[in-house]
Amino acid sequence: MVDIATRVWTHKWKIDPIVRSLIDTDFYKLLMCQSVFRNRPDTRVVFSLINRSSHIPLAKLIDEGELREQLDHVRSLSLSRGESTWLRGNTFYGKRQMFRPDFMEWFETIRLPPYHLERVGDQYELTFEGSWPEVMLWEIPALSILMELRGRAILHQMKRFEIQVLYARAMTKLWEKIEVLQKVDHLRIADFGTRRRHSHLWQDWAVQAMCEGLGEKFVGTSNCMIAKRHDLEAIGTNAHELPMVYAALAGDDDELAQAPYQVLADWHEEHDGNLRIILPDTYGTEGFLKKAPDWLAGWTGIRIDSGEPAAAAETAIKWWRARGEDPTQKLVIFSDGLDVEKIAELQAQFEGRVRVSFGWGTLLTNDFRGLTRGDQLAPFSLVCKAISANGHPTVKLSDNPNKAMGPVDQVERYKRVFGVGAQSRQDVLV
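Along each chain, the written sequence defines residue order, and numbers are assigned to residues from 1. Residue-level local features of this predicted model are given only where pLDDT is at least 70; pairs of side-chain atoms are given and counted only at 80 or more, and the full residue set underlies all totals for whole chains, interfaces and linings. Derived side-chain values reflect all non-hydrogen atoms in the structure, with water molecules and hydrogen atoms excluded from consideration.

(A) Up close: the overall build of the chain. Helix and strand assignments come from DSSP, with helices taken as H or I runs of at least 4 residues and strands as E runs of at least 2, each series counted from the N terminus. A count of helical and extended segments in the chain gives 18 helices and 13 strands. Both definitions apply: the radius of gyration is a C-alpha atom measure, and the globule rule equals 2.2 Å times residues to the power 0.38. For the chain, the C-alpha radius of gyration of 21 Å lies close to 22 Å, the compact-globule estimate for 430 residues. Summarising its shape, the C-alpha atoms of the chain cover approximately 60 × 50 × 45 Å along the three principal directions. Here's how the labels work: a residue is buried when its accessible area is under 20% of the maximum for its type, exposed when over 50%, partly exposed in between, all with a 1.4 Å probe on protein chains only. The buried share among the 430 residues of the chain stands at 58%. In the chain, the share of contacts with a sequence separation of at least 24, taken over all contacts with a separation of at least 6, comes to 79%. Methods summary: accessible areas were calculated by the Shrake-Rupley approach with a probe of 1.4 Å, and residue burial reflects only the protein chains presented. Accessible area for the chain stands at about 17800 Å²; split by element, carbon and sulfur atoms hold 48% of it. Residue contacts follow a heavy-atom distance rule, with two residues in contact if any of their heavy atoms lie within 4.5 Å.

Written as structure tokens, this is what we have:
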């Protein structure tokens, strides 16, 4: 097993680049990329970095030259033969050849497009512009780079024994969490922590700890590279990006109202009925389910990624019952800001009522809270989102208004079209 503290102390970035491969990314990103490649390949998008924790002065902490060096390194990456073979020949979710030959031929030759980087005050403005299938692949590497460079800046100020003690404490903290989860009956949990991880080495260690500590309760990781390395299930389906871009491309309010359902119609056709998990909160879960076509009720389950998770699960249960479906046969995946206490609470509350699963993100792969002076390594909220499509702004409403994004006039329009009323604000940790 890698001695992370020693590796950090003797660190040379060419040995430990932050992003090591084009598959050092989330599985859902590749699944979505294939769908976009086949359905909307000519769409032009702009992605932008958004630091929702503005008190973290990224441009003061991170050297611009180092940032450019890491971003340029990502642009040099291409699939290796072994990675291509894994994607082409592996079985994902019980299906062989999940990635089609035309997509793989394109992916095997891709190089990520240029980026625009500018310092604005104490923050960086980082944007990516071009064809949707290419630009979308920047999201996870960009977040991983900024998160890890911030961490490296703090670690660079520490001495050798400080670093050793830091990682010993972090390992103990994570193992104590695993011991709590060992006591949770019928648990199914996956690693969803790539985008805001402390580092690649730490995420890999965390995944190995989960494997050893939880056994069959740990069902896999969203990180393709780590899944390949440890022969684990690669976990993921789709994200808010799809309805955000489809909605931005809508010609009028009627098309806008149908955009989230068109996404899932395309998804269903793309994957021949597999991976049928609904992500309903982009423009409000309650309104989405109320207006959803009947065929969506037959899908496998739902992922809850904002708002009050128990309330959203109860809404889904009522919706399934109203549509003549048996909730006990449906899958509910909780994935927003989870830690072990909430995981145990939700498992107890919904066990037997639905099939429960968890995607554990930042507080699995980046919980260094309370381990440094001034809490300098505490995780923070950083996102990289599509902000326009074919020149039209994107909007996200969410079930938590603190996560909403988009021009004010368009946010109001979307609220009107999707019938979003009063919402309860939730603190955004990550």
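(B) Structural view of the side chain of glutamate 83. Among the structural elements, glutamate 83 can be located in helix α5 (residues 81–89). The side chain of glutamate 83 sits in the buried core without any salt bridge; lysine 228 is the nearest counter-charge, 6.2 Å away. At 2.6 Å, the side chain of glutamate 83 forms a polar contact with the side chain of serine 21. With residues near it in sequence (within four places) discarded, glutamate 83 still touches Ser21, Ile23, Ser78 and Lys228. In this tally, Asp and Glu contribute negative charge and Lys and Arg positive charge; neither His nor the terminal groups of the chain are included. Whenever a carboxyl oxygen of Asp or Glu lies within 4 Å of a side-chain nitrogen of Lys or Arg, that contact is scored as a salt bridge. Nitrogen and oxygen atoms within 3.5 Å of one another constitute a polar contact, given that in protein one can donate a hydrogen and the other can accept it, and given that sequence-neighbouring residues count only through two side-chain atoms.

(C) Highlighting helix α4 (residues 64–75). The end-to-end C-alpha distance of α4 is 17 Å, a good match for the 16 Å that 12 residues give at a rise of 1.5 Å each. Of the positions making up α4, those classed as buried are Leu67, Gln70, Leu71 and Val74. For α4, the angular spread of the buried residues around the axis is 95°, confining them to a single face. Of the surrounding elements, those touching the buried residues of α4 are β4 (115–120), β5 (123–131) and α8 (139–155). Every helix has an expected span of 1.5 Å times one less than the residues it contains. When we speak of the arc, we mean the arc of directions from the helix axis to the C-beta atoms.

(D) Just the nonpolar core, in detail. Residues grouped as a nonpolar core are buried Ala, Val, Leu, Ile, Met, Phe, Trp, Tyr and Cys residues, joined through side-chain atoms within 4.5 Å. Counting residues in hydrophobic clusters, the biggest one holds 143 residues, and the most contacted among them are Leu87, Phe99, Phe107, Ile189, Phe334 and Trp360. At nine residues, α8 tops the list of elements feeding residues into this core. Not counting the four nearest positions on each side in its chain, leucine 87 is found in contact with Ile23, Leu30, Leu79, Phe92, Phe99, Met104 and Phe107.

(E) Structural context of unusual backbone geometry. Within the chain, tyrosine 93 stands out as a residue other than glycine whose phi angle is a positive 50°. Structurally, tyrosine 93 is set in the loop between β2 (91–92) and β3 (95–96). Positive phi, close to 60°, is recorded for histidine 186, a residue that is not glycine. Looking at the element boundaries, histidine 186 is found in the loop between α9 (160–182) and β6 (189–191).

(F) Fine view of the sheet that holds strand β9 (residues 301–304). Only strands that DSSP links by at least two bridges are regarded as paired with each other. Reading across from one edge, β7-β6-β11-β10-β9-β8 is the order of the six strands in this open sheet, with parallel pairing throughout. Every other strand in the sheet has two partners, leaving β7 (218–221) and β8 (277–278) as the edge strands with one partner each. Relative to strand β10 (residues 331–334), β9 runs parallel, the two being bridged by four bridges. Within β10, the position partnered with isoleucine 302 by the bridge is valine 332. Here the axes come from fitting lines to C-alpha atoms, over the contacting stretch only for helices, and the angles between their N-to-C directions go from 0 to 180 degrees. In the packing of helix α15 (residues 309–322) onto the sheet, contacts are made with β8, β9 and β10, and the angle to β9 comes to roughly 160°.

(G) Local environment of the pattern of salt bridges. Summed over all chains, the structure comprises 27 salt bridges. One salt bridge in this structure joins aspartate 122 and arginine 119, with 3.7 Å as the shortest N-O distance. Of the residues examined, arginine 119 reaches a relative accessible area of 42% and is grouped as partly exposed. Across the salt bridge formed by arginine 323 and aspartate 294, the nearest N and O atoms sit 2.9 Å from each other. Of this pair, arginine 323 sits in the loop between α15 and β10 while aspartate 294 sits in the loop between α14 (285–291) and β9; the two residues are 29 residues apart in sequence, bridging distant segments of the chain. Exposure remark for arginine 323: the relative accessible area of 25% places this residue in the partly exposed category.

(H) Molecular detail of the sheet that holds strand β12 (residues 382–389). Taken in spatial order, the five strands line up as β4-β5-β1-β12-β13 in an open sheet, and their pairing is antiparallel. Unpaired on one side and paired on the other, β4 and β13 (392–393) mark the two borders of the sheet. Pairing of β4 with β5 involves six bridges; the strand directions are antiparallel. Bridge pairing links leucine 117 to leucine 126 in β5. Sheet contacts for α4: β4 and β5; angle to β4, the most-contacted strand, approximately 165°. Packed on one face of the sheet, helix α12 (residues 241–248) meets β1 (44–51), β12 and β13 and runs near 25° to β12.

(I) Examining the packing of aromatic side chains more closely. Aromatic rings from Phe, Tyr and Trp, taking only the six-membered ring of Trp, are treated as a pair when their centres fall within 6.5 Å; an angle between ring planes under 30 degrees marks them as stacked, one over 60 as edge-to-face, and anything in between as tilted. Summed over all chains, the structure comprises 26 aromatic pairs. Aromatic pair tryptophan 132 and tyrosine 246: ring centres 6.3 Å apart, planes at 70°, arrangement edge-to-face. With tryptophan 132 in helix α7 (residues 132–135) and tyrosine 246 in helix α12, the pair connects residues that are 114 residues apart, well separated along the chain. As far as the burial class goes, tryptophan 132 and tyrosine 246 line up, both buried. Grouping aromatic residues by their ring pairs yields a cluster made of Phe27, Phe37, Trp86, Phe92, Tyr93, Phe99, Phe103, Trp106 and Phe107. Cation placement over rings: the criterion is NZ of Lys or CZ of Arg within 6 Å of the ring centroid and within 35° of the ring normal. Positioned above the aromatic ring of tyrosine 246 is the side chain of arginine 40, whose terminal nitrogen or guanidinium carbon lies 4.0 Å from the ring centre.

(J) Representation of the packing of helix α2 (residues 27–39) against α12. Relative orientation of the contacting elements α2 and α12 amounts to 25°, with a least axis distance of 11 Å. Relative to α12, α2 is oriented roughly parallel. Counting all contacts with α2, which are made through Lys29, Met32, Val36 and Asn39, the residues of α12 involved are Glu241, Leu242 and Tyr246. In terms of residue class, the contact of α2 with α12 is made up of four nonpolar, one polar and two charged. Here is the rule for angles: anything less than 35 degrees is roughly parallel, anything more than 145 is roughly antiparallel, 65 through 115 is roughly perpendicular, and the remaining ranges are oblique. Any residue outside Ala, Val, Leu, Ile, Met, Phe, Trp, Tyr, Cys, Pro, Asp, Glu, Lys and Arg is labelled polar, Gly included; the first ten of those are nonpolar and the last four are charged.

(K) Region of interest: the environment of glutamate 216. Mapped onto the elements of the fold, glutamate 216 is located in the loop between α10 (200–214) and β7. Given a relative accessible area of 78%, glutamate 216 falls into the exposed group. Each C-alpha atom of the pair glutamate 216 and methionine 147 lies 30 Å from the other, and the pair is 69 residues apart in sequence.

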